[in-house]
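# Architecture at a glance
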Amino acid sequence: MVSGTEVRREVVVGSPARPAGRRRWLVPVLLAVGWLLSVGWRMWLSRHVPLPIAHTDEDSYLHTARALAGGPGGFSSENGPLRRVGYPLLISPAFLGERDFADSYRLVQLINAAVNATVLPLAYLLVRRLVPVRRAVALAAAAVAATLPATVFYAGVAMIDAVLAPLVLAWLLAVHHWVRRPGPLVAAGVGALVGAFHLLHSRGLVIVAVHVGLVLLLFLRRRISPAQVLAAVLPVLAAALLNAAVIRLLGDRVYLLGDPPGGGTVRAVASGPGLLRVGAAVATQLWYLVVITFGLAGVAWAGAVVALFRPAADTSTATTPVPADVGATRWTFGVALVTSVGVAAGASVILAGITTKPLDAIYGRYVQMLAPFWLLVGVGMLVAATPRSRWRRAAVAAGVLLAGATLIAARLAWVASRGHELRYGGFGAPDLMALTGGWREFRPFTGAVVGLVGCLLLVVAVRRPRWRVPVLAALVVVNLGTMQVITDRLVRPMVAATAPTPRVADVGVRPGDRVWASLGVQWVLRFNLSHQVTWADVRWFVDNPPADADVVFVRWAPGEPDDWDGARHGFVRLGGNVEQHWAAWRRR
């Protein structure tokens, strides 16, 4: 990870001896227990979320998963070119059999928690492979990565992001192993992980592009054979074919409401101001990664860039041994850096093309999956370096934090001076909101201070080996507290605002009823009412209910012009919630 001249003498480098006797089982047992505790903690955090809160993404995945399990379909907000079925395939077992929607949704959360919690063992394996640190430090760093809010937040909802963080760690760990010990089997494993990215989400296109570039470079430099090229590429093609086959199998049971990216995207970026907007969005996302990792991402980038551009021969002057797989580590850094910039840029371009909504002040969701990796690398860059290099890397992180905050503040002021505002919502950067107290406004300089203070404390603390585990344990406590704040200040209010009461079963809607919903019902409530109708796809109408409707969900607003009078259509009201402005009516 670091050049030999920067490695401290007391750091144990290379492959440590395997512990003897019972001690060799200690780490696997700790990781297994930690994984179970992580699953339990994630389920405990999601106990307040009985219905989707991240509309319309959750609705799309859930409808597709239900259709794959043999049930009715529904709408999807995806568009054709960017449509992916990997996550619905993963959660589709939750919809097998006849279950209440709340039970199926809880099973989805359990699947998310089980996969998301694998960040802990994967982080430990990665940090031990890339970083010359002791087991206790590696375990503590893995615990920080596994509790990072950027890792955990989406595990409680039916969102693809719940599984991407562990997939990133598994992929980069596999890339490192492949470059270190090339072979057809490991090449196929790397290809399979890249194929999984492609099957899961459109941002997997960036991963595929990086993968193709990596394969070509390794082949041109004669590090892999033609057989390995095929082994690395064929799983990606297989995943693309599987995605197309499943979409064809679904047919029109899941119908798309999204607009394909096209002219709007091109117009949004094909100009000087458009490119500046995209550049500012990319810089904001990268700055965000540095803040939420307490400056460690900036430390990691500084060390990674130095490792990439320093000739390999420099390591021959090392005063202590260096890892034999330093070349594989450098390749892994290069892949991770290109991926980070590529994902941030791709997301910014796609979001810029959505002209029906205001641009985002920050939308960190797409780069969150990279936060655990850079946090782990940053820990290694601090622990394994000399005091001088620690401070140099910390200075780079500080520069990124301050320059980024200045850029963001200038962007916000410029937009405000023209009478506009940038969108700032709960799913844009929930952890940043909690860390800065910016629930209603973006506070870039407060974020910079959070990152600077965290980075400074870490640099000071790691000087003494006996302080390293305690300070990393303190970061775990910070992460736990941040998630609790996010739950109390963001998640629970969202649930209260989006969960319709009473349940549709409690007002007399029965399995087999043909149910329609009026567009007059607030859209979030309409979606969550419809989810409870597990036996049919609930379609929408404007004012006059279809002739085949047995039950309709409509607006209930006494005294207002848009209050729906079911009596004139031959319906009788079953019940509902006048404060939420919805009611269920049954045809007489």
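Residues numbered from 1 in each chain as written. Predicted model: local features only at pLDDT ≥ 70, side-chain atom pairs only at ≥ 80, totals over all residues. Heavy atoms only, no water.

### Let's talk about the overall build of the chain
Of the regular secondary structure elements, the chain holds 21 helices and 7 strands. Computed over the C-alpha atoms, the radius of gyration of the chain is 26 Å, within 12% of the 25 Å expected from 2.2 N^0.38 for a compact globule of 588 residues. Across the 588 residues that make up the chain, the buried fraction comes to 55%. At a minimum sequence separation of 6, the contacts of the chain that also span at least 24 residues come to 78%. Total accessible area on the chain stands at roughly 24700 Å², and carbon and sulfur atoms take up 64% of it. One finds the centroid of the 57 positive side-chain charges in the chain at a distance of 17 Å from the centroid of its 30 negative side-chain charges. (Helix = DSSP H or I, 4+ residues; strand = E, 2+ residues; numbered from the N terminus. Rg over C-alpha atoms; globule rule 2.2 N^0.38 Å. Buried < 20%, exposed > 50% of the residue type's maximum accessible area, 1.4 Å probe, protein only. Contact = heavy atoms within 4.5 Å. Areas by Shrake-Rupley, 256 points an atom, 1.4 Å probe, with all protein chains shown as cover. Lys, Arg positive; Asp, Glu negative; His and termini not counted. Charge placed at Lys NZ, Arg CZ, Asp CG, Glu CD.)

### Topic: the nonpolar core
Among the nonpolar cores identified, the biggest contains 155 residues, and Trp 171, Trp 178, Trp 287, Phe 373, Trp 374 and Leu 472 are the most heavily contacted of them. Looking at this core element by element, the count peaks at 15 residues for helix α8 (residues 161–180). Grouped together as the second largest cluster of nonpolar side chains are 15 residues, Val 507, Val 521, Ala 536 and Trp 582 included. (Core = buried A, V, L, I, M, F, W, Y, C linked by side-chain atoms within 4.5 Å.)

### Considering the confidence of the model for the chain
In the predicted model, the chain carries a mean pLDDT of 91, and the fraction of residues at 70 or more is 93%. Considering only residues more than four positions removed or in separate chains, one finds that residues 1–17, a stretch of pLDDT under 50, has 55 contacts. For residues 313–324, every residue scores under 50 in pLDDT, and the model assigns this stretch 13 contacts once sequence neighbours within four places are set aside. (pLDDT = per-residue confidence, 0-100.)

### Here's the deal with the packing of aromatic side chains
One pass over the full model with this rule turns up 18 aromatic pairs. Among the aromatic residues, those joined into a cluster by ring pairs are Phe 75, Trp 523, Phe 527 and Trp 540. Here the basic side chain of Arg 47 rests over the ring of Trp 44, its NZ or CZ set 3.9 Å away from the ring centre. Positioned above the aromatic ring of Trp 467 is the side chain of Arg 464, whose terminal nitrogen or guanidinium carbon lies 5.3 Å from the ring centre. (Phe/Tyr/Trp six-rings, centres within 6.5 Å; stacked < 30°, edge-to-face > 60°. Lys NZ or Arg CZ within 6 Å of the ring centre and 35° of its normal.)

### Regarding unusual backbone geometry
Residue Thr 56 follows His 55 across a cis peptide bond; omega there is 5 degrees. Mapped onto the fold, Thr 56 is located in the loop between α1 (26–45) and α2 (57–68). In this chain, Thr 501 is followed by Pro 502 through a cis amide linkage whose omega measures -5 degrees. Phi is positive for Arg 222, close to 60 degrees, though the residue is something other than glycine. Following the sequence through the fold, Arg 222 ends up in the loop between α10 (204–220) and α11 (226–250).

### A few points about the pattern of salt bridges
Across all of its chains, the model carries 14 salt bridges by this definition. Between Glu 441 and Arg 443 there is a salt bridge; the shortest N-O distance is 3.4 Å. With a relative accessible area of 33%, Arg 443 lands in the partly exposed category. Here Arg 539 ties to Asp 537 by a salt bridge, and the two come within 2.6 Å at their closest N and O atoms. On the basis of relative accessibility, which here comes to 36%, the residue Arg 539 falls in the partly exposed class. Through salt bridges that share partners, Asp 57, Asp 161, Arg 203 and Arg 365 make up one connected network. (Salt bridge = Lys/Arg side-chain N within 4 Å of Asp/Glu carboxyl O.)

### Quick notes on the environment of Ala 54
Position of Ala 54 among the secondary structure elements: in the loop between α1 and α2. Judged by its relative accessible area of 5%, Ala 54 is buried. Considered as a pair, Ala 54 and Met 494 are 440 residues apart in the sequence and their alpha carbons are 9.0 Å apart. Excluding its chain neighbours within four sequence positions, the residues that come into contact with Ala 54 are Met 159 and Phe 427.

### So, the pairing of strand β3 (residues 515–518)
Within a regular strand, side chains alternate between the sheet's two faces. In this structure, β3 lies alongside strand β5 (residues 551–554), joined through 3 bridges in parallel fashion. Note on β5: the bridge partner recorded for Val 515 is Val 551. As paired elements, β3 and strand β4 (residues 539–541) share 3 bridges and run parallel to each other. Looking at β4, one finds that Ala 517 is bridged to Trp 540. Taken together, β3, helix α21 (residues 523–531) and β4 form a β-α-β motif whose crossover is right-handed. (Pairing = 2+ DSSP bridges. Right-handed = clockwise from strand over helix to strand, strands pointing away.)

### Here's the deal with the pairing of β5
Side chains of β5 alternate between two faces, with Val 551 and Phe 553 and Val 552 and Val 554 buried alike. As defined by bridge partners, β5 adjoins strand β7 (residues 582–587) across 4 bridges and the pair is classed as antiparallel. The residue of β7 that forms the bridge with Val 554 is Ala 583.

### Regarding the sheet that holds strand β6 (residues 571–577)
The sheet built from 5 strands is open, its strands ordered β4-β3-β5-β7-β6 with mixed pairing. The open sheet has two edge strands, β4 and β6, and neither has a second partner. Sheet twist, expressed as the average angle between the axes of neighbouring strands with direction ignored, equals 30 degrees. Contacts from α21 reach β3, β4, β5 and β7, with the element oriented near 175 degrees to β3. (Axes fitted to C-alpha atoms, helices over the stretch in contact; angles between N-to-C directions.)

### Points about the packing of helix α15 (residues 326–352) against helix α16 (residues 371–383)
One way to put it is that α15 packs onto α16 with a least axis distance of 12 Å and a crossing angle of 135 degrees. As summarised for this structure, α15 and α16 are arranged oblique, according to the angle between their axes. Considering the relative orientation of α15 and α16, their crossing is left-handed. In this structure, α15 contributes Thr 332, Phe 333, Ala 336, Leu 337 and Ser 340 to the contact, and α16 contributes Phe 373, Trp 374, Val 377 and Met 381. Taken together, the residues of the contact of α15 with α16 break down into 7 nonpolar, 2 polar and no charged. (Parallel < 35°, antiparallel > 145°, perpendicular 65-115°, else oblique. Left-handed = near helix turned anticlockwise from the far one by under 90°. Nonpolar A, V, L, I, M, F, W, Y, C, P; charged D, E, K, R; others polar.)

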